[in-house]
Amino acid sequence: MSVECLKKRRQAVIDRMEKGSVLVLYSGEEVHVSEDECYKFEVNKNFRYLTDIDRDNMCLFIDKTGDEVKTTLYIEEADPLNEKWFGKKLTKDEAKEISGVDAVAYIENFDNMFARLLTTCAVKAAYYDLYHHDASEELDFNHKKALNFHRKNPSVKLMNAYDIIAYLRMSKDSEEVERIKHAVDMTRQGLEAVMRELKPGMMEYQAQAIYEYTIHYLGSSGPSFQTIAGSGYNGTMLHYETNRCECKDGELLLLDLGSKADGWCSDITRTYPINGKFTDRQRAVYEVVLKANRHIAEIAKPGMTLRELNEECKKVLAEGAKELGLIKEDSELSKYYMHGVGHHLGLDVHDASTAEGIKLRPGCVITDEPGLYIDEECIGIRIEDDLLITENGCEVLSKDIIRTPDEIEAFMADRK
Ligand SMILES: [Mn+2]
């Protein structure tokens, strides 16, 4: 990612900060599992967005208290013994080169620097990332730091940086779109590898393994979420990720999966006939879902909301479900389709969004994922594409991932 691009993002944040304020954004800390093992570190996504660095124990500090705004990145100082065990830390020069900040300093000096600045009374407001998924959840690292700060400095207004950054993140710049396109392309290759091997008797985890092998081989840092490989009845469970069953002759395999390209995600679903050929009934259901999927890609444009798109999607699915003899009234559709048609996609699979950004605008990347789940027939079908909202409509970023029944059958017939 170019430093120009990162500077532009940070400037957009600075423009929205009050005069006489600072921003304090930590990258996060490693979380312990057991004994000496930690969970794979997941960087705070807003920190990543503004620095393109995914290391723990760092802090981005923006000082807008004086006439000149200054951006400093606080990083960990390397300890040669530690590095022997856990790998190289970023040096000051490397951190500066990647992020393009005005200055880089060591994190052990951060608290003193901040305390000194606070004694000057120049800080009227402090922006922290106050993201909170739901009330029952533990507070995250940034949130805890914010509350601690607020307790010690009650006269400084505590502001939420999350809303500002999330709004910006909703509209992707060209460098983000490039990363998402790369992620989508790795997913295409992974799905094609599965289609080449898929046959009755394959285990769901083997389909998963082929997919994940392929994207890792291509240089992805891994799946953007737990791969869903649900055959037959399992395809009707929305977040089935056990993947332990056998793919049976005559059934479908639903694959909902993604990959990460330097932090940015793809999220794609395809449903394939395990033996290479759809039954008439499967094809009929598939065509309905495909019609809804195509309809959304036709109409998605700036100004619309995800809710409106879902209402449109439901109309197409309800009409089809009636023709399939599944329902008589539109209101019964919820028995066979019970989720939304899309969500934002970016650094997070279900990407940041705010009420302010409820209307789609150019640069938004959303998913288009209608489905029908018929438990009693062991038919679960979802087709999911990734759409980039443009000035007048949208671009299907996953247009090269084949999706019609004819294309899929031809691909599977042609293999070997
Ligand atoms: Mn999705």
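Just above sits the structure.
Please read these numbers as outputs of a predicted model, since none were measured by experiment.

(A) Structural view of the pairing of strand 13 (residues 268-273). For strand 13, the tally of buried residues reaches six of six residues, placing the bulk of the element in the interior. Burial of strand 13 is two-sided: the residues I268, R270 and Y272 facing one way and the residues T269, T271 and P273 facing the other way are all buried. In this sheet, strand 13 lies alongside strand 10 (residues 252-257) in antiparallel orientation, the contact comprising six bridges. Looking at strand 13, one finds that L254 is bridged to T271.

(B) Fine view of the packing of helix 8 (residues 174-197) against helix 9 (residues 204-217). Following both chains from N to C, one finds helix 8 and helix 9 inclined at 140°, their axes separated by 8 Å at the closest point. The orientation of helix 8 with respect to helix 9, classified from their angle, is oblique. In this structure, the crossing between helix 8 and helix 9 has a hand that is right-handed. Touching M186, T187, Q189, G190, L191, A193, V194 and E197 of helix 8 are A207, I210, Y211, T214 and I215, all from helix 9. Of the residues in the contact of helix 8 with helix 9, the class split is eight nonpolar, four polar and one charged.

(C) The arrangement of the nonpolar core in detail. Counting 97 residues, the largest nonpolar core has L23, L255 and L372 as its most contacted members. Counting contributing residues, this core receives three or more from each of domain 1 (3-169) and domain 2 (174-414). Those residues in contact with L23 that sit more than four places away from it in its chain are V13, M17, L60, F61, I62, Y127 and A161. Y74, V123, Y128 and F149 belong to the second largest nonpolar core, which has 20 residues in total.

Cut-offs applied
Residues numbered from 1 in each chain as written. Predicted model: local features only at pLDDT ≥ 70, side-chain atom pairs only at ≥ 80, totals over all residues. Heavy atoms only, no water. Buried < 20%, exposed > 50% of the residue type's maximum accessible area, 1.4 Å probe, protein only. Helix = DSSP H or I, 4+ residues; strand = E, 2+ residues; numbered from the N terminus. Pairing = 2+ DSSP bridges. Axes fitted to C-alpha atoms, helices over the stretch in contact; angles between N-to-C directions. Parallel < 35°, antiparallel > 145°, perpendicular 65-115°, else oblique. Left-handed = near helix turned anticlockwise from the far one by under 90°. Contact = heavy atoms within 4.5 Å. Nonpolar A, V, L, I, M, F, W, Y, C, P; charged D, E, K, R; others polar. Core = buried A, V, L, I, M, F, W, Y, C linked by side-chain atoms within 4.5 Å. Domains from an automatic or database assignment.

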